[in-house]
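# Understanding the architecture of this molecule
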Amino acid sequence: ARVFLFMAASTFRASALALLRSARPVQHVQKAPFAVISYHPSKKQPVLAPATAFVPQERFSQELSAFSARLKLNFKNQDLLVQALTHISSNSAFNNNRLSAYGSSIVELTITEHLYYNYPHLPNRSIRDLARHLNGTECLVKAAKSTGLDVLVQSDLKETGDRQQVIGDGFRSLVAALTIDQNLKTAQALCRDFLLPVLKNVDITEFLNLQYPLGALRRILQSQKKPAPELKIISETGRKTHLPTFVVGVFSGEKSLGEGAGFSIARAENEALRNVLKTHYATELKGLSLPQDLEFREYSAEELKQIEKGAPAATKSA
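Worth saying up front: this structure is predicted, and the values here are computed from it rather than measured.

Counting residues in hydrophobic clusters, the biggest one holds 63 residues, and the most contacted among them are Leu122, Leu130, Phe171, Leu174, Val175 and Tyr281. If one sorts the elements of this core by residue count, helix H7 (residues 160–181) sits on top with 9 residues. If we ignore the near neighbours within four places in the chain, the residues touching tyrosine 281 are Tyr119, His121, Leu122, Pro123, Leu208, Leu210, Ala216 and Ile220.

Written out as structure tokens, the structure is:
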């Protein structure tokens, strides 16, 4: 009886295993080999080993070609572009992990440079905070979606928060890849084209420290050698009611700088001062030539000798 029960149990176990295997067949998927970044001393730039170059799938390759044509990227090294769009969760050997770190510094440099030259009154702390904000995931995702990059980044992460971070890293990596494949000017142009529209929808005044507005305005007017600010009540209604309204103006000498309203004189004064500071700090200069817009060239040995002697180098004809 024991032998019979043992044989019956063994037969049942074998049948159950066979049924499970037939219901859930095991599929072994072999991933294509990915390229590994190396440094070639003679070419002075990172290159991909041709023996392990990654060949994208046909559909992805078509989408990538359309993406490059739409943005006029003209990548010389297509493998570098593929790497910029491959997250580490998708492949641990061939990914954009290092590129995203490089691209992050370029994005922040580009935005900082734009803010420094176009907003001459913006405090240094506000410039840093704004640059970090635009280099953050939320703003980069908006820029990436306007390019179509968000659907091209290869990743195994499916959660919404993780996916947002992946897309942001993809944009940073694209900027870095453009710098390596072409030059910094091209990469910064991409940043300006797709991140500055995002900046237009950002309230710059939210990044200002307006805790002591009267003292700040006094220092500004003093540096400009203008009269100190004066606060005057322009109009008021319902002073003796439960809902009074006061309008206070800020003046420098005879010139009106701005005004503000509030349910008390103190609130109206504070609002008026803050409005004046917001207008001052958010003043934007347009049409400026930034450093990345300038053309640089290498001087010949003869020109360098002339410069050392104090003579001006010959201007290169266009």
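Closest axis-to-axis distance for the helix H6 (residues 137–147)/helix H8 (residues 184–200) pair is 9 Å, and the angle between their directions is 125 degrees. Here H6 lies oblique to H8, going by the angle between them. Two packed elements cross with a definite hand, and for H6 against H8 that hand is right-handed. Only Phe194, Leu195 and Val198 of H8 make contact with H6, whose side of the interface consists of Cys139, Leu140, Lys142, Ala143, Ser146 and Thr147.

Turning our eyes to something else, we now look at the pattern of salt bridges. Side chains that differ in sign of charge can pair as their charged atoms come close. For the coordinates displayed, the defined rule picks out 3 salt bridges. The salt bridge partner of glutamate 138 is lysine 142, with a shortest N-O separation of 3.9 Å. Note that glutamate 138 and lysine 142 are positioned in helix H6 at a spacing of 4 residues, about one turn of the helix. Relative accessible area serves as the criterion here: at 52%, glutamate 138 is assigned to the exposed category. Assessed through its relative accessible area of 46%, lysine 142 is described here as partly exposed. The partner of aspartate 169 in a salt bridge is arginine 172, with the nearest N and O atoms 2.7 Å apart.

We now examine the sheet that holds strand E3 (residues 229–237). The sheet built from 3 strands is open, its strands ordered E3-E4-E5 with antiparallel pairing. Of all the strands in the sheet, just E3 and strand E5 (255–262) have a single pairing partner and so form its edges. In this sheet, adjacent strand axes meet at a mean angle of 25 degrees when their direction is disregarded. Relative to E5, strand E4 (residues 245–252) runs antiparallel, the two being bridged by 7 bridges. Counterpart to valine 248 in the pairing with E5 is glycine 260. The sheet strands contacting helix H9 (residues 213–223) are E3, E4 and E5, and the helix crosses E3 at an angle near 130 degrees.

This part covers helix H4 (residues 97–118). Compared with the 32 Å implied by 1.5 Å per residue over 22 residues, the 32 Å span of H4 between its first and last C-alpha is a close match. Considered for burial, the residues of H4 that qualify are Leu99, Ser100, Gly103, Ile106, Val107, Thr110, Ile111, Glu113, His114, Leu115 and Asn118. Residues of H4 that are buried sit in contact with helix H3 (78–84), helix H5 (124–134), H6, H7 and H8.

It is worth spelling out the packing of H6 against H7 at this point. Between two packed helices, both the angle of their axes relative to each other and the distance between the axes serve to describe the pair. One way to put it is that H6 packs onto H7 with a least axis distance of 8 Å and a crossing angle of 70 degrees. When the axes of H6 and H7 are compared, the pair comes out roughly perpendicular. Note on packing geometry: the crossing formed by H6 with H7 is left-handed. Touching Thr137, Leu140, Val141, Ala143 and Ala144 of H6 are Gln164, Gln165, Ile167, Gly168, Phe171 and Arg172, all from H7. Here the residues of the contact of H6 with H7 are counted per class, giving 6 nonpolar, 4 polar and 1 charged.

Procedures and definitions
Residues numbered from 1 in each chain as written. Predicted model: local features only at pLDDT ≥ 70, side-chain atom pairs only at ≥ 80, totals over all residues. Heavy atoms only, no water. Core = buried A, V, L, I, M, F, W, Y, C linked by side-chain atoms within 4.5 Å. Buried < 20%, exposed > 50% of the residue type's maximum accessible area, 1.4 Å probe, protein only. Helix = DSSP H or I, 4+ residues; strand = E, 2+ residues; numbered from the N terminus. Contact = heavy atoms within 4.5 Å. Axes fitted to C-alpha atoms, helices over the stretch in contact; angles between N-to-C directions. Parallel < 35°, antiparallel > 145°, perpendicular 65-115°, else oblique. Left-handed = near helix turned anticlockwise from the far one by under 90°. Salt bridge = Lys/Arg side-chain N within 4 Å of Asp/Glu carboxyl O. Pairing = 2+ DSSP bridges. Expected span 1.5 Å × (residues − 1). Nonpolar A, V, L, I, M, F, W, Y, C, P; charged D, E, K, R; others polar.

Spatial relationships are all this shows, so hold off on functional conclusions.
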